[in-house]
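Listed below are the residues making up each chain.
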Amino acid sequence: MHLIIDTEQFTRIIKRMTHQIIEYNLQLEQIVLVGIEKKGTPLAKEIQSYIKEFEGVEIPLETIDISAHRDDDKKKKDSNLHFYTDITNKTIILVDDVLYTGRSVRAAMDAIMEMGRPAKIELAIFVDRGHRELPIRADFVGKNIPTSRTERVVCDFTSKIVSLV
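For clarity, every value in this text was computed on a predicted model and none was experimentally measured.

What counts and what doesn't
- In this numbering scheme, every chain counts its residues from 1 along its sequence in written order.
- Predicted model: local features are reported for residues with pLDDT of at least 70 only, side-chain atom pairs are reported and counted for 80 or more only, and whole-chain, interface and lining totals are derived from all residues.
- Hydrogens and water molecules were not included; the side-chain quantities draw on all heavy atoms of the structure.
- Numbered from the N terminus, helices here are DSSP runs of H or I no shorter than four residues, and strands are runs of E no shorter than two.
- The buried label applies to any residue whose accessible area, calculated with a 1.4 Å probe on protein chains only, is under 20% of its type's maximum; exposed applies above 50%, and partly exposed to all values in between.
- Only heavy atoms matter for contacts: two residues are in contact if any of them lie within 4.5 Å across the pair.
- For the accessible areas, the method is Shrake-Rupley and the probe is 1.4 Å, while residue cover comes only from the protein chains on display.
- This count recognises Lys and Arg as positive and Asp and Glu as negative, with His and chain-terminal groups excluded.
- Here the site of a charge means NZ on Lys, CZ on Arg, CG on Asp, or CD on Glu.
- Think of it this way: DSSP has to see at least two bridges between two strands before they count as a pair.
- Only one rule defines a salt bridge in this text: a Lys or Arg side-chain nitrogen within 4 Å of an Asp or Glu carboxyl oxygen.
- Take the buried residues of types Ala, Val, Leu, Ile, Met, Phe, Trp, Tyr and Cys, join any two whose side-chain atoms come within 4.5 Å, and each joined set is a nonpolar core.
- Every axis corresponds to a line fitted to the C-alpha atoms, with the helix fit spanning only the stretch in contact, and the corresponding angles, defined between N-to-C directions, vary from 0 to 180 degrees.

Novice: What exactly am I supposed to notice about the overall build of the chain here?
Specialist: Counting its secondary structure elements, the chain contains three helices and eight strands. Ordering the α and β elements of the chain from the N terminus gives β-α-β-α-β-β-α-β-β-β-β. Across the 165 residues in the chain, those meeting the buried criterion constitute 44%. Sequence separation of 24 or more characterises 70% of the internal contacts of the chain that already satisfy a separation of 6 or more. A total of about 8900 Å² of accessible surface is found on the chain, and carbon and sulfur atoms cover 47% of it. When the 24 basic and 26 acidic side-chain charges of the chain are each reduced to a single mean position, those positions are 3 Å apart.

See below:
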């Protein structure tokens, strides 16, 4: 394992991403953060906390299980899709730890569209490692880390570090 983002950088990156989200979205009351389970949710919680700290606005946070919308052998037949927040005409900010092929994001967008019609969907990603298979790009990127297909990026939200395996 090779450490590529230490704890200090980790926190700085999340704060920068939060400021970008605030600057880009003038009506914070119209935002709903959606963490893609499991690794996107801790990042979404951090962003939610910093928005509250920086702007004094409590942004709703939802989580989404994309397992029923996957297009690979990890697909499950049923998943419980339910948000407590009405997403109609809201700006959804999908949050995940690593953007790789784009397939998880596509699955998340499919699931969200089953629950309502948001005004728009934005994407916040902590690490973009490239190798897209679908035409998906993030609106908010913490760090671009070019990798080979054989490498793996591991974001540890408990220790607040990122490693390359």
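Novice: I would appreciate a short explanation of the pairing of strand β8 (residues 161-164) in the present structure.
Specialist: Put simply, side chains in a regular strand alternate between the two faces of the sheet. Two strands pair when backbone bridges link them, and strand β1 (residues 2-5) and β8 are joined in this way by three bridges, in the antiparallel orientation. What sits directly across from I5, in β8, is V162. With four bridges connecting them, strand β7 (residues 153-156) and β8 associate as antiparallel partners. Bridge assignment links D156 to a residue of β8, and that residue is I161. Here β7 folds back onto β8, and the loop between the two strands holds four residues, one of which, K160, carries a positive phi near 60°.

Novice: I'm lost on the pattern of salt bridges in this one. Help?
Specialist: Opposite charge on two side chains permits them to pair, given that their charged atoms come into close proximity. Counting across every chain of the model gives eight salt bridges. Between E46 and K160 there is a salt bridge, with its nearest N and O atoms 2.5 Å apart. Residue E46 is found in helix α2 (residues 40-55), and its partner K160 is found in the loop between β7 and β8; the two are separated by 114 residues along the sequence. With a relative accessible area of 21%, K160 lands in the partly exposed category. Here R106 makes a salt bridge to D110, at a shortest N to O gap of 2.4 Å. Of this pair, R106 and D110 both sit in helix α3 (residues 103-115), four residues apart, roughly one helical turn.

Novice: Sorry if this is basic, but what is going on with the nonpolar core here?
Specialist: Core analysis: the biggest nonpolar cluster contains 31 residues, and I5, F126, V127 and V162 have the highest contact counts within it. At the level of secondary structure, the elements contributing two or more residues to this core comprise β1, α1 (7-24), β2 (31-36), α2, β4 (91-99), β5 (120-128), β7 and β8. Broken down by element, the residue count for this core peaks at six residues, all from α1. Non-local contacts of V127, meaning those with residues more than four positions away in its chain, are made with I5, D97, V98, L99, K143, I145, V153, C155 and V162.

Novice: Honestly, the sheet that holds strand β3 (residues 61-64) in this entry has me stumped. Any pointers?
Specialist: To summarise the sheet geometry, strands pair through backbone hydrogen bonds and adopt either a parallel or an antiparallel arrangement. In space, the five strands of this open sheet follow the order β3-β2-β4-β5-β6, with parallel pairing throughout. Strand pairing shows two members of the sheet lacking a second neighbour, β3 and β6 (140-144), which therefore form its edges. Sheet twist, expressed as the average angle between the axes of neighbouring strands with direction ignored, equals 25°. Running over the sheet, α1 touches β2, β4, β5 and β6 and is turned about 150° from β6. Most of the contacts of α2 go to β2, to which it runs at about 150°, and overall it touches β2, β3, β4 and β5.

Function cannot be inferred from these measures alone, as they are strictly geometric.
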